[in-house]
Amino acid sequence: MVERSHIKDSFQAAIPIMLGYVAIGIPCGILCAAVGLNALQVFLFSALFYSGAGQFMIPNMYLSGSPLASILASVSLVNTRQMLYAASFAPACQNISKPLAFFFAATVTDESFGVSTRKFEEGDWSVDRALMLNLFSQSSWTISNVIGALVSGLIDIPLQIAAFAMTSIFICLLVTQKMTDANVVAIVCAMLGVFACKSFGLSGPAILIGALIGVAVAFAYASIKAKGRPSGGGEALPSDQDGMRTSGKGETHPSNEGEVRP
Amino acid sequence: MSWEEFWITLIVCGLTMLACRVLPLFLLKGKDLPENLNRALGFIPPAAFAALVANDLLAPDMFAGGFWPAAAPLAATICVVVVALKTRSLLWSAVTGVAAYALLLLI
C-alpha cells in the first residue's frame, strides 16, 4: 500500500516543519496550561483542531478576558484562509479516493501546504506522501504541545524568537516562487492587502483577504495581458512566451502521477 | 477554562476548521476545472505565502514600540532571503532566521 520510499520522502520533507513545531508547540502547550488546560485537553486540541494560530489565540484571548463567543468567532475567522489551500490542492486530488482526499485535506496547515505545494511543483510527489507529511507534522505538533503542558513552569522558550522559525519558512517558500511578472503582481498585492486589512482593524481575516486580493489582481493582470497580445486569436495558449508562463502553472501543478503508480 | 468551555471551543473551532479545510476541495474534486479557474488556483501559492509573510512582519503600528523591535525581524528577513535564494532549504532558512533574529535582539 504505502511504499517505504514514500515514507522516507515524506519524513525528509517534514523535518523543517517538525523542528519548527517543536519550537512553537512547547510554548503553545505552556500557554494552554496557563489557562488551566491539562495535557489531555491540549492533546485533544492538537489532534482534532490542529491549528497553530488557533491554539495560541484561544488561551491568549481567554487570558485577556474575552467572552467565549468572541473567541470562537475570531478563531474561526482566522482559519478561513485554509479554504484557499484546499482549493489550491483540488487539481492534485482529482483522481484519488475520497477517504485519502479527506484525510489529506483535513490535516493541511500553512506550513505543510507550503512544503507540499513546492514538492508538487518539483514533481515526484503525490497525495499519499503529502498526507504522511501532514501526519509527521501533526505528530510533532501534538507531542510538543503535550510536553509543553506537562513541563509548564519548568522551562521558558522565548516565543517571539521561536515563532520566527515559521516566518522564515514562509519567507523561503515565498522567495523561491517563480518570479514571473504575474506572480510578482500577486505577491505585492497580497502584501498590500494584508497591510490594508490590518489598517482597517481586520486582522482576523487579513491573510485570507490579502491573498484573495493578490490572486484576483494577478488573474486580471494575466487575462488583460493575454488579450492584449498581437496574435489576434483571443484565446491565448498557455504555452507561449513571457508573462503567460504563469497560466501554465495550473498544469505543472500536480498531475498526481504518483497516484497511478502500482 | 472549564471542561464545558473546553468542549464548546473544541467542537466549534474543530468543525469550522474541518469545513474550511475539506469543503472547497470536495466542491472542486471530480469536476473538469475550467482553464480560467486553474489559472486562478495557480496564483494561490505566491499570494498565500506573501500574505503569511506580510502578516508576520508588517503592521500599521509596528514602529509604535520603538524602531528596533520592528526593524530587527525585517533585518533578519534579509538574512533569510539570502540563505533561501542560495540554498532553497527550508531548514537552513528557519535556522538562519531564528539565529539572526536572536542575535539582532541582543544588540
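Throughout this description, residue numbers start from 1 for each chain and increase along the sequence as written. Chains and ligands are labelled sequentially in the order written, the chains with letters from A and the ligands with numbers from 1. Totals for whole chains, interfaces and linings use every residue, but because this is a predicted model, local features are given only for residues with pLDDT of at least 70 and side-chain atom pairs only at 80 or more, for both listing and counting.

Peer 1: Looking at this structure, how should I read the overall build of chain B?
Peer 2: Think of it this way: any DSSP run of H or I at least four residues long counts as a helix, any run of E at least two long counts as a strand, and we number them from the N terminus. Within chain B, the regular secondary structure consists of five helices and zero strands. Taken over C-alpha atoms, the radius of gyration comes to 20 Å for chain B, far larger than the 13 Å a tight globule of 107 residues would show. Backbone-placed C-beta atoms define the burial measure: a residue is buried with 20 or more other C-beta atoms within 10 Å of its own, exposed with 12 or fewer, and partly exposed in between. When each of the 107 residues of chain B is scored for burial, the buried share is 40%. Using C-alpha atoms as the atom set, the radius of gyration is obtained and then compared with a globule rule of 2.2 Å times the number of residues to the power 0.38.

Peer 1: Can you walk me through the nonpolar core in this structure?
Peer 2: The tendency in soluble globular proteins is for nonpolar side chains to be buried as a group. Think of a nonpolar core as buried Ala, Val, Leu, Ile, Met, Phe, Trp, Tyr and Cys residues, each tied to the set through C-beta atoms within 7 Å. Membership of the largest hydrophobic core comes to 108 residues, with the highest contact counts inside it found for A:Ala186, A:Ala190, A:Ala211, A:Ala218, B:Ala47 and B:Ala50. Of the residues forming this core, the biggest block, 13 residues, is contributed by helix α11 (residues 206-227) of chain A. Viewed by domain, this core spans two of them, domain 1 (1-176) and domain 2 (178-252) of chain A, each represented by three or more residues. Two residues form a contact once the distance between their C-beta atoms, set from the backbone, is within 7 Å. Excluding its chain neighbours within four sequence positions, the residues that come into contact with A:Ala211 are A:Arg81, A:Leu84, A:Ala190, B:Ile44, B:Ala47, B:Ala48 and B:Ala51. Domain limits in this description derive from either an automatic procedure or a database domain assignment.

Peer 1: In this structure, what is going on with helix α6 (residues 98-106) of chain A? I would like to understand it.
Peer 2: For an α-helix the count is 3.6 residues per turn, leaving residues at separations of three or four pointing the same way. Buried residues of α6(A): A:Ala101, A:Phe104 and A:Ala105, and no others. Relative to the axis of α6(A), the buried residues are bounded by an arc of 95 degrees and lie together on one face. Buried residues along α6(A) sit in contact with α5 (82-89) and α8 (127-151) of chain A together with α1 (3-28) of chain B. Note that the arc is defined by the directions from the helix axis to the C-beta atoms.

Peer 1: What should I look at first to understand the interface of chain A and chain B in this one?
Peer 2: Often the size quoted for an interface is simply the accessible area lost on bringing the parts together. The partner chain B presents 62 residues to the 79 residues of chain A that form the contact. Ranked by residues supplied to the side of chain A that touches chain B, first place goes to helix α9 (residues 159-175) of chain A with 12 residues. A per-class count over the side of chain A that touches chain B returns 51 nonpolar, 25 polar and three charged. All residues other than Ala, Val, Leu, Ile, Met, Phe, Trp, Tyr, Cys, Pro, Asp, Glu, Lys and Arg, Gly among them, are scored as polar; the first ten of these are nonpolar and the last four charged.

Peer 1: I tried to follow unusual backbone geometry on my own but got confused; where do I start?
Peer 2: With glycine set apart, most residues show a phi of negative sign, and most peptide bonds adopt trans. Residue and element names in this part refer to chain A. In this model, Tyr50 sits at a positive phi of 50 degrees, which is unusual for a non-glycine residue. Relative to the assigned elements, Tyr50 resides in the loop between α2 (39-49) and α3 (52-63). In this structure, Asp124 is a non-glycine residue whose phi angle is positive, near 55 degrees.

Peer 1: Even after reading the chapter, I still don't get the packing of α9(A) against helix α3 (residues 44-57) of chain B, so can you show me in this structure?
Peer 2: Helix-helix packing is described using two parameters, namely the angle between the two axes and the distance between the axes. Relative to each other, α9(A) and α3(B) sit at 140 degrees, their axes nearing to 9 Å. In the packing of α9(A) onto α3(B), the handedness of the crossing is left-handed. Between α9(A) and α3(B), the contacting residues are A:Thr167, A:Phe170, A:Ile171, A:Leu173 and A:Leu174 on the first element and B:Phe49, B:Ala50, B:Leu52, B:Val53, B:Asp56 and B:Leu57 on the second. Across the contact of α9(A) with α3(B), the residue classes break down as nine nonpolar, one polar and one charged. Axes, fitted as lines to C-alpha atoms, cover a helix only where it is in contact. Angles between the N-to-C directions of the axes lie from 0 to 180 degrees. Whether a crossing is left-handed or right-handed is set by the direction in which the near helix is turned from the far one by less than a right angle, anticlockwise for left-handed and clockwise for right-handed.

Peer 1: Could you clarify how one ought to interpret the confidence of the model for chain A in this entry?
Peer 2: Where the model shows low pLDDT, its predicted coordinates should not be examined in detail. Confidence per residue, as judged by the predictor, is encoded in pLDDT with a range of 0 to 100. When pLDDT is averaged along chain A, the result is 85; 87% of the residues meet or exceed 70. The model gives residues 232-262 of chain A a pLDDT under 50, and that stretch makes 50 contacts with residues more than four places away or in other chains.

Peer 1: Sorry, what's going on with the domain arrangement of chain A here?
Peer 2: Residue and element names in this part refer to chain A. Partitioning chain A into structural domains gives domain 1 (1-176) and domain 2 (178-252). The partner domain 2 presents eight residues to the nine residues of domain 1 that form the contact. For the side of domain 1 that touches domain 2, the element with the most residues is helix α4 (residues 68-78), which contributes three residues. Residue classes in the side of domain 1 that touches domain 2 are distributed as five nonpolar, two polar and two charged.

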